[in-house]
Amino acid sequence: FLETTAYFCMKPKMGEKEVSPHSFFSIWHEFSSDFKDFWKKENKLILQERVKEAEEVCRQKKGKSLYNIRPKHDSGIVSKICSN
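Residues numbered from 1 in each chain as written. Predicted model: local features only at pLDDT ≥ 70, side-chain atom pairs only at ≥ 80, totals over all residues. Heavy atoms only, no water.

> Break down unusual backbone geometry for me, citing the residues and quoting the values.
A negative phi angle characterises most non-glycine residues, just as the trans form characterises most peptide bonds. Positive phi values are uncommon outside glycine, yet Cys9 reaches one of about 55 degrees. Among the structural elements, Cys9 can be located in the loop between α1 (2-7) and α2 (21-63). Note on Cys9: relative accessible area 63%, which makes it exposed. (Helix = DSSP H or I, 4+ residues; strand = E, 2+ residues; numbered from the N terminus. Buried < 20%, exposed > 50% of the residue type's maximum accessible area, 1.4 Å probe, protein only.)

See below:
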């Protein structure tokens, strides 16, 4: 515990000799809860962006036809009989 508090450069409060676990973990709890809230908001924004991109791709695919329609060429027997 003492190595961890030294790593994060925590100093004891006025009148205390060492950093107490309560003071360290109260700060850590605030940090982790804030981080969790930001993480959720960021994930929500990313999800919304991906949904918009997917909807745009669907709109683009619907706009294009999946098959091409070519005009029919008269090359059968009926067309040869009718033209004579």
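Structure's up, so let's keep going.
> An account of the packing of aromatic side chains is needed here, citing residue identities and associated values.
Counted according to the given criterion, the structure contains ten aromatic pairs. Judged by centre distance (5.5 Å) and plane angle (45 degrees), the ring pair of Trp28 and Phe31 falls under tilted. Remark: Phe31 and Trp28 occur in helix α2; sequence separation between them is three residues, near one turn of the helix. Classification of Trp28 as partly exposed rests on a relative accessible area of 39%. Through successive ring pairs, a cluster of aromatic residues spans Phe1, Tyr7, Phe8, Phe24, Phe25, Trp28, Phe31, Phe35 and Trp39. (Phe/Tyr/Trp six-rings, centres within 6.5 Å; stacked < 30°, edge-to-face > 60°.)

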